[in-house]
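# Architecture and fold: a report
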Amino acid sequence: MEKNIPITHTYPIPNTFGIRAYCRRYVETADVKQLSELVSRLCDDDLPLLVVGSGSNLLFTDDYPGTVLHVALRDIQLVSDAPQSVKVRVGAGVVFDDWVEFAIRHGWYGAENLSLIPGEVGASAVQNIGAYGAEVKDLIDQVETIEVGTGKKRVFTHEECHYGYRYSRFKGEWKGRMVVTHVTFVLSKTFTPKLDYGHIREELAASGIQQPTAQELRDVIIRIRQSKLPDPKVEGNAGSFFMNPVVERDCFNRLKAQYPAMPHYEVDGGHVKIPAGWMIEQCGWKGKSMGRAGVHDKQALVLVNRGGATGAEVLALCEQVRADVKEKFGVDIHPEVNIF
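Treat the numbers as computed from the prediction; the structure is a model and nothing was measured.

## Observations regarding the packing of aromatic side chains
- Applying the stated rule across the entire model yields 17 aromatic pairs.
- Aromatic pair Phe 102 and Trp 108: ring centres 6.0 Å apart, planes at 55 degrees, arrangement tilted.
- Grouping aromatic residues by their ring pairs yields a cluster made of Trp 99, Phe 102, Trp 108 and Phe 185.
- Above the ring of Tyr 165, the side-chain terminus of Lys 273 is found at 4.2 Å from the ring centroid.
- Taking NZ or CZ as reference, Lys 328 lies 6.0 Å from the ring centre of Phe 329, over its face.

## Some remarks on the layout of surface pockets
- Estimated volume of the second largest pocket: approximately 200 Å³.
- Where the lining of the second largest pocket is concerned, the elements lending two or more residues are strand S9 (134-135) and strand S12 (178-188).

## Describing helix H5 (residues 214-228)
- Helix length check: H5 (15 residues) gives 21 Å between terminal C-alpha atoms against 21 Å at 1.5 Å per residue, within 8%.
- When we look at burial in H5, the residues that qualify are Ala 214, Leu 217, Arg 218, Val 220, Ile 221, Ile 222, Ile 224 and Arg 225.
- For H5, the elements touching its buried residues are helix H2 (96-105), strand S8 (130-131) and helix H4 (200-206).

## Examining the environment of Thr 213
- Within the fold, Thr 213 resides in the loop between H4 and H5.
- Remark: the alpha-carbon pair of Thr 213 and Ser 54, spanning 159 residues in sequence, is separated by 30 Å.

## Topic: unusual backbone geometry
- The peptide bond linking Leu 47 to Pro 48 adopts the cis configuration, its omega dihedral lying at 0 degrees.
- With respect to the helices and strands, Pro 48 occurs in the loop between helix H1 (32-40) and strand S3 (49-52).
- Even without a glycine there, the phi angle at Tyr 132 is positive, about 50 degrees.
- Turning to its location among the elements, Tyr 132 is positioned in the loop between S8 and S9.
- In this structure, Arg 166 takes a positive phi of about 50 degrees despite not being glycine.
- Take Arg 166: it is sitting in the loop between strand S11 (153-157) and S12.

## Overview of the nonpolar core
- Leu 69, Phe 96, Trp 99, Phe 185 and Ile 200 are the most contacted members of the largest nonpolar core, which totals 54 residues.
- A per-element tally of this core places S12 first, with 6 residues.
- Apart from residues lying up to four places away in sequence, Leu 69 is in contact with Val 27, Thr 29, Leu 35, Leu 38, Val 39, Leu 49, Leu 50, Val 51, Val 52 and Val 179.
- Among the nonpolar cores identified, the runner-up in size contains 34 residues, and Ile 19, Trp 285, Ala 309 and Phe 329 belong to it.

## A closer look at the sheet that holds strand S10 (residues 140-147)
- Reading across the sheet, the 5 strands line up as S6-S7-S12-S10-S11 and stay open at both edges, with antiparallel pairing between neighbours. One side of each edge strand has no neighbouring strand; the edge strands of this open sheet are strand S6 (76-81) and S11. For this sheet, the mean angle separating the axes of adjacent strands, direction not counted, is 20 degrees.
- Strand direction decides the pairing type here: strand S7 (residues 85-91) and S12, joined by 7 bridges, are antiparallel. In the sheet register, Arg 89 faces S12, and the bridge partner there is Thr 184.
- Where H1 meets the sheet, its contacts fall on S10 and S12, and the angle it forms with S10 comes to roughly 55 degrees.
- Strands in contact with H2 are S6, S7 and S12; relative to S12, the strand with the most contacts, it is inclined by about 25 degrees.

## Let's talk about the pairing of S6
- Examined bridge by bridge, S6 and S7 share 5 bridges and lie antiparallel to one another. By the bridge assignment for S7, Ser 80 is matched with Lys 87.
- A loop of 3 residues connects S6 with S7, the two strands running antiparallel in sequence.

## Thoughts on the sheet that holds strand S17 (residues 289-290)
- Across the sheet, which stays open at both edges, the 4 strands sit in the order S13-S19-S18-S17 with antiparallel pairing between neighbours. The open sheet is flanked by strand S13 (236-240) and S17, the only strands paired with a single partner.
- Across 3 bridges, the pairing between S13 and strand S19 (residues 302-305) is antiparallel. Looking across to S19, one finds that Asn 237 is bridged to Val 304.
- Together, S17, strand S18 (293-295) and S19 form the strand contacts of helix H8 (residues 311-329), whose direction differs from that of S18 by roughly 35 degrees.

## As for the environment of Val 27
- Here Val 27 is to be found in strand S2 (residues 22-29).
- The exposure class assigned to Val 27 is buried, which follows from its relative accessible area of 0%.
- Counting along the chain gives 16 residues from Val 27 to Tyr 11, while the straight-line C-alpha distance between them is 9.6 Å.

## Comments concerning the packing of H2 against H5
- Two numbers describe how H2 lies on H5: the axes approach to 10 Å, and their chain directions differ by 155 degrees. In terms of orientation, H2 and H5 fall into the roughly antiparallel class. Here the hand of the crossing between H2 and H5 comes out left-handed. Counting all contacts with H2, which are made through Asp 97, Val 100, Glu 101 and Ile 104, the residues of H5 involved are Ala 214, Gln 215 and Arg 218.
- Split by residue class, the contact of H2 with H5 holds 3 nonpolar, 1 polar and 3 charged.

Cut-off values and rules
- Residues numbered from 1 in each chain as written.
- Predicted model: local features only at pLDDT ≥ 70, side-chain atom pairs only at ≥ 80, totals over all residues.
- Heavy atoms only, no water.
- Phe/Tyr/Trp six-rings, centres within 6.5 Å; stacked < 30°, edge-to-face > 60°.
- Lys NZ or Arg CZ within 6 Å of the ring centre and 35° of its normal.
- 1 Å grid on protein atoms, 1.4 Å probe; cavity = no way out; pocket = protein on both sides within 12 Å on 5 of 7 lines; lining within 4 Å.
- Points joined across faces, edges and corners; volume = space filled by probe spheres on them.
- Helix = DSSP H or I, 4+ residues; strand = E, 2+ residues; numbered from the N terminus.
- Expected span 1.5 Å × (residues − 1).
- Buried < 20%, exposed > 50% of the residue type's maximum accessible area, 1.4 Å probe, protein only.
- Contact = heavy atoms within 4.5 Å.
- Core = buried A, V, L, I, M, F, W, Y, C linked by side-chain atoms within 4.5 Å.
- Pairing = 2+ DSSP bridges.
- Axes fitted to C-alpha atoms, helices over the stretch in contact; angles between N-to-C directions.
- Parallel < 35°, antiparallel > 145°, perpendicular 65-115°, else oblique.
- Left-handed = near helix turned anticlockwise from the far one by under 90°.
- Nonpolar A, V, L, I, M, F, W, Y, C, P; charged D, E, K, R; others polar.

Structural measurements only, silent on function.
Given below as structure tokens:
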């Protein structure tokens, strides 16, 4: 690793779970050239390499034996300005919710339903974050990266990223091979609200709003999220801990016959998505604890650090919840959080 790149030894790794974990080296850079030099000169002592944003989707069960890298590029550049849309290039280190607020303020629309999702822009493109009927993949034009080992710039189109539900090739075959530096988004100049997911319409009606502006929709999304999700500064968590399972139609029909009130979302002719939070709640876990880790009392999809929990304790709770859901419904649920 280059000598002029700042390195901090035994550095505590930032994470919203509030888990105490350390890495051998922690590096932060806001310079693409420096980043390229860094990842092209990693030695065995530097590995494994872990790229993090704000640590909002991580659970550490032990110290990390290698290098943790944070890309702190925070530039926002208007790339093209067409009559109906814009393309905007955003640095990986920009807080994603700050980017949503920035876009709305400039009259660029499409990201409103993704308001208040924790994390940074680079991680959003890796994870394909989503909420309230929207996914970030639908806004991404291309992703710029630096290739680990060579330091070369690699640019991938939306199609090349092979986006799926909470998935991209950055989580699959490219995992550990590419470091995201910038994401280019395509946003509309026409506001077309998405209101048919969750309790958006009810919240708007309660506020006396029938035709919301983009800012009003953002405000409602924020209120809904804040009412359901704990503040990590108060109670450590990583947001939604589990992905919602997508099951085959035959499985769904069997469960629907047993549980007529079961909420669900159509995926395609052969598959249906079932809320994992609902399943966990039916197993009696909502608001319950196992040691110093627990299930949030307002949203069963969220696991929380009640105070002083270790990563191993949170993982033990995760595995018990998964086992109970499997026993009751015959369905596997999988963590959305990255576990180390």
